[in-house]
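Here is what each chain is made of, one letter per residue.
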Amino acid sequence: MQRDWISPPTSGLGVSLAALGKRFGDRDVLHDIALDVAPGEFVAIVGRSGCGKSTLLRLLAGLETPTAGAVRLGGAAQAEHRDEVRIMFQEARLLPWRTVLQNVQLGLDKSDGGARARDALAQVGLADRAGDWPAVLSGGQRQRVALARALVHRPRLLLLDEPLGALDALTRIEMQRLIETVWRELRFTAVLVTHDVAEAVALADRVLLVEDGRVTLDEPVALARPRAHGSPAFAELEGRVLARVLKETPPAAEETPRPRLVA
Amino acid sequence: MATTRSRLRGLTPWIVPLLAIAGWEAASRSGWLSTRILPEPLAVAQAFWSLLQSGELERDVAISTGRALAGLAIGGGLGLVLGLLTGTFRTAETLLDTTLQMVRNVPPLALIPLVILWFGIDESAKLFLVAIGVFFPIYLNTYHGIKSVDAGLVEMARSYGLKGWALYREVILPGALPSILVGLRFSLGLMWVLLIVAETISAQSGIGYMTMNAREFLQTDVVLVGVLLYALLGKLADLVARGLERRFLRWNPAYRPALA
């Protein structure tokens, strides 16, 4: 399907973390995180709840300040690229007292903000809801508006903090496709935090596992896009990462029958 | 038909008041109710009409409304400003909030002896009483409204580059507005109560003066006109408050006018 995108492809912003750490009081949430994300790469971070993956994303967004190390974006200090980084939260966080269009316009110049916001809404398929209040939208539509609000700023780094976690299965798949299409078209760098391994494998070039405050797995996903959830290679990779997250013995090891004790 | 049904539903709230007035009229006519205690509704209506024609009514209502609104503007304005201050700035909160919460527990009417000593029985005494009464509902609700603005929205707006006045205008004020309007509604009710007391103690004009004057001459019909006027003005104030809520909170499904 051919669509008019809101902006010409922008180059993604590379991310580089070295010895990054974050403490809350005497609780060590993240330590010694070293990570490089190439410009335009799509990285998914998985992990159990409370492992620190959301904190890592909030550090990238500049919503938290690291207690050790630093975040470098595009080879420069984080503050220099603040306007090129946008985050999508788990909840849409739309302003309920602003219309859908006004929400997308948030933080834009008055002069061309309206036209750009309309384009962004069309891009997520909600052009006809521009005048509605967020209260009348469904959960999926609200996240679409939140995505449009992020895209309208032409971000070079888009951070996604489990934005699809609260959606039903069908809407999730739709949103995953939308995010992938937009990412391929606009070529921004994307970092997605999710607890859904299938989602990570479906979208990402690399899947990272965060455990006990450090990155313990860095798995490239070499599947061709668009990825079919049902394909054997997909299922094999998903199973492997999931087993690693759950700290189970890999399925391959279980295939060898255990010696039976015969009395 | 849907229209006739909705029209009937609109009339339902008026059945009880109309019945009460009919019963009152019947009791007065049969002589069961003495005119000294309660004049018949017709006499009240006549008194209302003659007061209206003489221009007294208009003058007194205008004066009372002026006092009420001036008191509201002073007390409510101060409450709003201080509420915004203590809600927004931690220093202002630690400095002022405890004091204000202590003063809040003094009933404004308990201050009447002091107010008479300070201001005499002047205009300023009435304004002071109304202002101090409406101050606290607006102050408390503004403070609470600012404090309860969704922190997630503020964080989102900051990450989108909003700060200072833009953040205040886009996120904090609209977020606090439902609460501020609740405070305003409380204040509008209190405003009339306090004004009635102030005008009844001493006044040379206004609705309170009119009723107290009528009492001297045993004109119960005029006294009742005054009482009914207060009721009407109170209802009017409430309608204004509700209109403001519908206008400013139309984004909120809870405040949207019901679709019959």
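Fair warning: this is a prediction, and the values are worked out from it, not measured in the lab.

On to the overall build of chain A, then. Within chain A, the secondary structure is distributed over eight helices and 10 strands. Rg of the C-alpha trace for chain A: 20 Å, near the compact-globule value of 18 Å for 263 residues, within the 12% margin. Along the three orthogonal principal directions, the C-alpha set of chain A runs to about 80 × 40 × 30 Å. Residues counted as buried form 41% of the 263 residues belonging to chain A. Here the contacts in chain A between residues at least 6 apart in sequence split such that 70% fall between residues at least 24 apart.

Residue and element names in this part refer to chain A. In space, the six strands of this open sheet follow the order β6-β7-β8-β3-β9-β10, with mixed pairing throughout. Where the open sheet ends on each side, the last strands, each with one partner, are β6 (85-88) and β10 (214-220). In this sheet, adjacent strand axes meet at a mean angle of 20° when their direction is disregarded. Across four bridges, the pairing between strand β3 (residues 42-46) and strand β8 (residues 189-193) is parallel. Paired with A44 across the bridge in β8 is L192. Against the sheet, helix α7 (residues 232-245) engages β3, β9 (206-211) and β10, with an angle of about 10° to β9.

We now examine the sheet that holds strand β2 (residues 27-37) of chain A. Residue and element names in this part refer to chain A. The strand order β2-β1-β4-β5 describes an open sheet built from four strands, whose pairing is antiparallel. This sheet does not close on itself; its edge strands, each paired only once, are β2 and β5 (76-77). Here strand β1 (residues 15-24) runs beside strand β4 (residues 68-73); their pairing, made up of five bridges, is antiparallel. Looking at the pairing, L17 lines up with V71 of β4.

This part covers the nonpolar core. With 77 residues, the main nonpolar core has A148, L159 and V191 of chain A as its most contacted residues. When residues of this core are assigned to their parent elements, the largest contribution, six residues, is made by helix α4 (residues 139-151) of chain A. The contacts of V191 of chain A, once residues within four sequence positions are left out, are V37, V43, I45, L57, L60, L159 and L160 of chain A. Counting 33 residues, the second largest nonpolar core, distinct from the first, contains V115, L140, L190 and I196 of chain B.

Listed per partner, the contact involves 14 residues of chain B and 14 residues of chain A. Going through the elements one at a time, α8 (151-159) and α9 (164-201) of chain B are the ones with two or more residues in the side of chain B that touches chain A. Tallying contributions element by element places α8 of chain B first for the side of chain B that touches chain A, with five residues. Its residues placed into classes, the side of chain B that touches chain A shows eight nonpolar, four polar and two charged.

Once that is clear, we can look at the packing of α9 of chain B against helix α10 (residues 207-216) of chain B. Residues and elements named next belong to chain B. Direction vectors running N to C along α9 and α10 enclose 50°, while the axes themselves pass 8 Å from each other. In terms of axis orientation, α9 runs oblique to α10. Seen along the crossing, α9 lies across α10 with a hand that is right-handed. Between α9 and α10, the residues in contact are I196, E199 and T200 and I207, G208, Y209 and M212, respectively. The residue inventory of the contact of α9 with α10, partitioned by class, reads four nonpolar, two polar and one charged.

A few words now on the packing of α10 of chain B against helix α11 (residues 220-248) of chain B. Residues and elements named next belong to chain B. It is at 8 Å that the axes of α10 and α11 come closest, and there the two elements cross at 155°. With respect to α11, the axis of α10 lies roughly antiparallel. The handedness of the crossing between α10 and α11 comes out as left-handed. Facing α10, whose interface residues are I207, M210, T211, A214 and R215, α11 presents V222, V223, G226, L229 and Y230. For the contact of α10 with α11, a count of residues per class yields seven nonpolar, two polar and one charged.

Now for the pairing of β6 of chain A. The two faces of a sheet get side chains in turn, since along a regular strand they alternate between them. Residues and elements named next belong to chain A. Of the two faces of β6, the one holding V85 and I87 and the one holding R86 and M88 are both buried throughout. Relative to strand β7 (residues 157-161), β6 runs parallel, the two being bridged by four bridges. Opposite V85, over in β7, you have L157 as the bridge partner.

So, on to the confidence of the model for chain A. Residues and elements named next belong to chain A. The share of residues in chain A with pLDDT of 70 or more is 90%, and the mean pLDDT across the chain is 87. Per-residue pLDDT, averaged within each element of chain A, yields its smallest value for helix α8 (residues 251-255) (47) and its largest for β8 (96). The low-confidence segment residues 1-7, where pLDDT is below 50, has 12 contacts with residues more than four positions distant or belonging to other chains. Counting interchain partners and residues more than four positions distant, the pLDDT-below-50 stretch residues 252-258 has one contact.

Each value, and the rule that gives it
Residues numbered from 1 in each chain as written. Chains lettered and ligands numbered in written order. Predicted model: local features only at pLDDT ≥ 70, side-chain atom pairs only at ≥ 80, totals over all residues. Helix = DSSP H or I, 4+ residues; strand = E, 2+ residues; numbered from the N terminus. Rg over C-alpha atoms; globule rule 2.2 N^0.38 Å. Buried ≥ 20, exposed ≤ 12 C-beta atoms within 10 Å, placed from the backbone. Contact = placed C-beta atoms within 7 Å. Pairing = 2+ DSSP bridges. Axes fitted to C-alpha atoms, helices over the stretch in contact; angles between N-to-C directions. Core = buried A, V, L, I, M, F, W, Y, C linked by C-beta atoms within 7 Å. Nonpolar A, V, L, I, M, F, W, Y, C, P; charged D, E, K, R; others polar. Parallel < 35°, antiparallel > 145°, perpendicular 65-115°, else oblique. Left-handed = near helix turned anticlockwise from the far one by under 90°. pLDDT = per-residue confidence, 0-100.

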